[in-house]
Amino acid sequence: MVIRIAAVGDVHLDEDVVGRFRPALEELPGNADVLLLAGDLTRHGTEAEARCVAREFGGLGVPVIAVLGNHEHQCDQVPQVVGVLEEAGITVLEGSGVVLDTPGGRLGVAGVKGFGGGFAGRCASDFGEPEMKAFVRTTTESADRLAQALHSLDCDLLVALTHYSPVPDTLAGEPLEIYPFLGSYQLGQAIDSAPTALALHGHAHHGSERGTTPGGVRVRNVAHPVIKQAYSIFHLGDHLDQAQVSGIGAGGISQTWS
């Protein structure tokens, strides 16, 4: 049996973008069991922009699960944004998870926005000024919430959904100087601490699509500027080798990534 997961991030919706994704989204019920949104759904995190997201991604005929991105925090309207999305039937995760019954089995999705901090050998440390300690502790606490959510789910296949990247691989193409602001190794550690089948993130508009955690979990950057389509579809199932993730783009192109 196969579970089909559609995913996209960084769509940055406002009134002028509404409708751009909808024709492809209308095809989802025949192609995917769930749609995952990897944050930065709005431009500035306003309630009005959230209503644009609700119009675009609500009522699709498949469950829609999202995490917020850094853009959703810009205008300090996070509760209003979450309220609008949830009214539209979109599940918003932050250090939490959900299990869905699909034709291919029970899919668990654990999600958190995540935060920056950098990667092994080139990361910030919890030392020195209180501002630096607060920065690193935000990263650590976020990763801890992701790990707890991953371990809390009883499912057949487990997926981690974040906005920030858990590995440097999918940042290739971005300036090295900004890697610490695009993700953190702690997220990768959290993903590796559980039997995670796939990790999806956004945020890195100029990054690369494929990566792997130190523990061997496949990571995919689904930021819209990277995948250049309404969504990508990933096929997960017991018949696939654990070192492979089968994927189909919104245009119907099938690939197996190993």
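Going by the annotation in an unreviewed UniProt entry, the name recorded for the protein chain is Metallophosphoesterase, with Micromonospora qiuiae given as the source organism.

Under the definition given, this model contains zero disulfides. Free of any disulfide, Cys75 has its nearest cysteine sulfur in Cys52, 13 Å distant. For Cys75, a relative accessible area of 32% gives the class partly exposed.

This next bit is on the sheet that holds strand β6 (residues 105-112). Taken in spatial order, the six strands of this open sheet run β5-β6-β9-β10-β12-β11, and their pairing is mixed. On the outer flanks of this sheet lie β5 (96-102) and β11 (210-212), each paired with one strand and no other. Each neighbouring strand pair of the sheet contributes to a mean axis angle of 25°, computed without reference to strand direction. Taken together, the seven bridges between β5 and β6 define a ladder with antiparallel strand orientation. For Gly97, the partnering residue across the bridge sits in β6 and is Ala110. Relative to the sheet, helix α5 (residues 130-152) contacts β5, β6 and β9 (157-162), its axis offset from that of β6 by approximately 165°.

So, about the pairing of β6. The buried count for β6 comes to seven of eight residues, which makes it a mostly enclosed element. Between β5 and β6, which pair antiparallel in sequence order, lie two residues. Direction of pairing for β6 relative to β9: parallel, over a ladder of six bridges. Across the sheet, Ala110 pairs through a bridge with Ala160, a residue of β9.

Turning to the UniProt feature "domain: Calcineurin-like phosphoesterase" (unreviewed entry) in the protein chain, a few remarks are in order. Look at the UniProt record and you will see "domain: Calcineurin-like phosphoesterase" (unreviewed entry) annotated at residues 3-205. Counting secondary structure, residues 3-205 comes out at 30% helix and 23% strand; the distance between its end C-alpha atoms is 27 Å.

A few words on the side chain of Thr213. Tracing the backbone through its elements, the reader meets Thr213 in the loop between β11 and β12 (218-221). A residue is classified by how much of its surface remains accessible, and Thr213, at 4% relative accessible area, is buried. With residues up to four places along the chain from it excluded, the contact list for Thr213 reads Val167, Ile191, Asp192 and Val219.

Let's shift gears to the environment of Asp154. Examined against the element boundaries, Asp154 turns out to sit in the loop between α5 and β9. Of the residues examined, Asp154 reaches a relative accessible area of 62% and is grouped as exposed. Taking the C-alpha atoms as reference points, Asp154 and Gly69, separated by 85 residues in sequence, lie 26 Å from one another. The residues touching Asp154, leaving out its near neighbours within four places in the chain, are Val99 and Arg106.

A few words on unusual backbone geometry. If a residue is not glycine, its phi is most likely negative; likewise, a peptide bond is most likely trans. A positive phi is found at His12, a non-glycine position, where the angle reads about 45°. As for its position among the elements, His12 is in the loop between β1 (2-8) and α1 (22-25). Of note in this structure, Asp76 is not a glycine but carries a positive phi near 55°. Relative to the elements of secondary structure, Asp76 occurs in the loop between β3 (64-67) and α4 (78-87). Looking at Asp76, the relative accessible area reads 68%, which means it is exposed.

Within helix α6 (residues 185-192), the full set of buried residues consists of Gln186, Leu187, Gly188, Ala190 and Ile191. As for α6, its buried residues are in contact with β6, β7 (118-119), α5, β9 and β10 (198-201).

This brings us to the packing of aromatic side chains. Taken as a whole, this structure holds three aromatic pairs when the rule is applied. With 5.1 Å between their ring centres and 55° between their planes, Phe115 and Phe135 make a pair best called tilted. Placement of Phe115 in the loop between β6 and β7 and of Phe135 in helix α5 is noted, with a sequence separation of 20 residues between them. In this structure Phe115 comes out as partly exposed when scored by relative accessible area, which is 22%.

Here the focus is the side chain of His201. Turning to its location among the elements, His201 is positioned in strand β10. Residue classification places His201 among the buried residues on the basis of a relative accessible area of 0%. Engagement of the side chain of His201 in a polar contact is seen with the side chain of Thr170, the distance being 2.7 Å. Once residues within four sequence positions are removed from consideration, His201 is found in contact with Ala38, Thr162, His163, Tyr164, Ser165, Pro166, Thr170, Val219, Arg220, Asn221, Val222 and Ala223.

What counts as what
- Residues numbered from 1 in each chain as written.
- Predicted model: local features only at pLDDT ≥ 70, side-chain atom pairs only at ≥ 80, totals over all residues.
- Heavy atoms only, no water.
- Disulfide = S-S within 2.5 Å.
- Buried < 20%, exposed > 50% of the residue type's maximum accessible area, 1.4 Å probe, protein only.
- Pairing = 2+ DSSP bridges.
- Helix = DSSP H or I, 4+ residues; strand = E, 2+ residues; numbered from the N terminus.
- Axes fitted to C-alpha atoms, helices over the stretch in contact; angles between N-to-C directions.
- Contact = heavy atoms within 4.5 Å.
- UniProt positions renumbered as here; feature names shortened; annotations may be inferred.
- Phe/Tyr/Trp six-rings, centres within 6.5 Å; stacked < 30°, edge-to-face > 60°.
- Polar contact = N/O pair within 3.5 Å; in protein donor to acceptor, adjacent residues only side chain to side chain.

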